[in-house]
Amino acid sequence: MSAEHHDTHEAHGSYRSYMIGFVLSVVLTAIPFWIVLAEVDIHLWLALSIIFGLGAIQIMVHVFYFLHVTVKAEAGWQVMSLVFTGVLLLIVLVGSIWVMTHLNTNMMPQHEQMEMMRNAG
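Quick caveat, the model's predicted, so the values are computed rather than measured. (Residues numbered from 1 in each chain as written. Predicted model: local features only at pLDDT ≥ 70, side-chain atom pairs only at ≥ 80, totals over all residues. Heavy atoms only, no water.)

A. Representation of the overall build of the protein chain within the structure. Counting its secondary structure elements, the protein chain contains 5 helices and 0 strands. Along the protein chain, helices and strands appear, N-terminal first, in the series α-α-α-α-α. Per-residue burial over the protein chain gives 17% buried out of 121 residues. Taking the intrachain contacts of the protein chain between residues at least 6 apart in sequence as the baseline, contacts between residues at least 24 apart amount to 59%. (Helix = DSSP H or I, 4+ residues; strand = E, 2+ residues; numbered from the N terminus. Buried < 20%, exposed > 50% of the residue type's maximum accessible area, 1.4 Å probe, protein only. Contact = heavy atoms within 4.5 Å.)

B. Seen up close, the environment of S17. Structurally, S17 can be placed in helix α2 (residues 15-37). A relative accessible area of 18% means that S17 is categorised as buried. C-alpha of S17 to C-alpha of F66: the two residues are 49 residues apart in sequence and 8.5 Å apart in space.

C. Structural detail: the packing of α2 against helix α3 (residues 44-66). Relative to each other, α2 and α3 sit at 165°, their axes nearing to 10 Å. Between α2 and α3, the crossing angle belongs to the class labelled roughly antiparallel. Where α2 crosses over α3, the two elements pack in a sense that is left-handed. When its residues are assigned to classes, the contact of α2 with α3 shows 17 nonpolar, 6 polar and no charged. (Axes fitted to C-alpha atoms, helices over the stretch in contact; angles between N-to-C directions. Parallel < 35°, antiparallel > 145°, perpendicular 65-115°, else oblique. Left-handed = near helix turned anticlockwise from the far one by under 90°. Nonpolar A, V, L, I, M, F, W, Y, C, P; charged D, E, K, R; others polar.)

D. Examining the confidence of the model for the protein chain more closely. On average, residues of the protein chain score 82 in pLDDT, and 84% of them are at 70 or above. No element of the protein chain has a lower mean pLDDT than helix α1 (residues 8-11), which averages 51, and none a higher one than α2, which averages 96. Predicted confidence for residues 5-9 stays below pLDDT 50, and this span has 0 contacts to residues more than four positions away or in other chains. (pLDDT = per-residue confidence, 0-100.)

E. Representation of the environment of V40 within the structure. Summarising the element assignment, V40 is placed in the loop between α2 and α3. Among the residues examined, V40 registers a relative accessible area of 27% and is labelled partly exposed. Sequence-distant contacts of V40, that is, excluding residues within four places in its chain, are made with W34 and I35.

Next comes the structure, spelled out in structure tokens:
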């Protein structure tokens, strides 16, 4: 038997912490939906920054409140999980912006190409 005693209560959150996580998740989801559906009059890059920023915060809320990954848990070994989550978050956000920007640029035919096709037919 191990000499260490594991407190099972610390591993799981309380009802209060789950409700805080749920409310934060709902708010962090509702704000981007409101920005898009209400067609708020702000610059595109500001809207994208807000949406992606709130998405990043929401990922961290899920990691903290629902997955219970904290710096204090398991004597700091879960810090590696937090760093890994941050790296993945950065890759997903930057990669998504890169893909969307290049799809917008490369998928739409240029005006000159449209004119050439109209004149050829």
